[in-house]
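Structural overview for review
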Amino acid sequence: PGYNPVNRGWYPQVFAIINDLKIGATIHEITEDLDGGAIIARRFVEKKSYDTSLDLYNRIVDSEIELFKEHIDSIINLSYLTTAPEGNGNLFLKKDFNEICKLNLEEKLTLGEAINKLRALTHGNFNNAFFEDDEGRKIYCKIKLELDKK
């Protein structure tokens, strides 16, 4: 789940929220380079201001399924066309994700940046974002956002 080459690697929806990057789904050929293969098909997915990681991830998976259905015959028959990625884009690794999970309570952020970080790290029942108290215990936190339905 990512729009190659804009956001390649681990949990691209997380980094799309935090870094305000476009996000989507990509079907590509597999190469030695992580998410670096020729692109068979891709589609942007709308990122909403109230999305958590899970909300956005679910829409990306839906888009992946649609792309797969549209292109499965050409993939099986090896009749698909490809395009080269437009450069290397951004590559986010698991270590990058692990680093952003530990919240630095002294970090200076705008309220918007703090909300974006928490919503990017909120993914259902997973405990991602945390800080440590004075006794070294991990305190996990998530954010709940609700759209006014009026």
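Each remark here, short or long, concerns the structure printed above.
Residues numbered from 1 in each chain as written. Predicted model: local features only at pLDDT ≥ 70, side-chain atom pairs only at ≥ 80, totals over all residues. Heavy atoms only, no water.

What about the overall build of the protein chain?
When its secondary structure is counted, the protein chain shows four helices and six strands. Helices and strands in the protein chain line up, N terminus first, as β-α-β-β-α-β-α-α-β-β. Seen along its three principal axes, the alpha-carbon backbone of the protein chain occupies a region of about 60 × 45 × 25 Å. Among the 150 residues that make up the protein chain, the fraction classed as buried is 33%. A separation of at least 24 residues holds for 61% of the contacts in the protein chain among residues at least 6 apart in sequence. For the protein chain, the exposed surface amounts to about 9,600 Å²; the carbon and sulfur share of it is 52%. Each charge class in the protein chain was averaged separately, 20 positive and 25 negative side chains, and the resulting centres sit 4 Å apart. (Helix = DSSP H or I, 4+ residues; strand = E, 2+ residues; numbered from the N terminus. Buried < 20%, exposed > 50% of the residue type's maximum accessible area, 1.4 Å probe, protein only. Contact = heavy atoms within 4.5 Å. Areas by Shrake-Rupley, 256 points an atom, 1.4 Å probe, with all protein chains shown as cover. Lys, Arg positive; Asp, Glu negative; His and termini not counted. Charge placed at Lys NZ, Arg CZ, Asp CG, Glu CD.)

A word on the packing of aromatic side chains
In the structure shown here, the tally under the stated rule is five aromatic pairs. Their ring planes at 15° and their centres at 3.8 Å tell us that Tyr3 and Phe44 sit as a pair that is stacked. Taken as a pair, Tyr3 in the segment before β1 (7–9) and Phe44 in strand β3 (residues 39–45) lie far apart in primary sequence, 41 residues in all. Here Phe44 falls in the partly exposed class, since its relative accessible area comes to 41%. Taken together, the ring pairs connect Trp10, Tyr11 and Phe97 into an aromatic cluster. A cation over a ring is seen here: Lys22 above Phe44, with NZ or CZ 5.0 Å from the ring centre. Of note, Lys138 hangs over the ring of Phe130, and the distance from its end group to the ring centre comes to 4.6 Å. (Phe/Tyr/Trp six-rings, centres within 6.5 Å; stacked < 30°, edge-to-face > 60°. Lys NZ or Arg CZ within 6 Å of the ring centre and 35° of its normal.)

A few points about the pattern of salt bridges
The final tally for this structure, using the stated rule, is 10 salt bridges. Asp133 is the partner of Arg137 in a salt bridge, and the nearest nitrogen-oxygen pair spans 2.7 Å. Between Glu146 and Lys144 there is a salt bridge whose closest N-O contact spans 3.1 Å. Assigned by exposure class, Glu146 and Lys144 land together as exposed. (Salt bridge = Lys/Arg side-chain N within 4 Å of Asp/Glu carboxyl O.)

A short note on the environment of Gly112
Looking at the element boundaries, Gly112 is found in helix α4 (residues 111–121). Overall, the relative accessible area of 38% leaves Gly112 in the partly exposed class. Sequence separation between Gly112 and Pro12 is 100 residues; the distance between their C-alpha atoms is 20 Å.

Details of the nonpolar core
Ranked by size, the top nonpolar core spans 23 residues in total, and within it Val14, Phe15, Leu56, Ile60, Phe97, Ile100 and Leu121 carry the most contacts. At the level of elements, α1 (12–18), β2 (23–28), β3, α2 (53–76), α3 (94–101) and α4 are the ones that each hand at least two residues to this core. In terms of residue count, α1 provides more of this core than any other element does, four residues in total. When sequence neighbours within four positions are dropped, the list of residues in contact with Leu56 reads Gln13, Ile17, Ile23, Val45, Glu46, Lys47 and Asp51. (Core = buried A, V, L, I, M, F, W, Y, C linked by side-chain atoms within 4.5 Å.)

Digging into the pairing of β2
Buried residues dominate β2, accounting for six of its six residues. With burial as the criterion, each face of β2 is covered, one bearing Ile23, Ala25 and Ile27 and the other bearing Gly24, Thr26 and His28.

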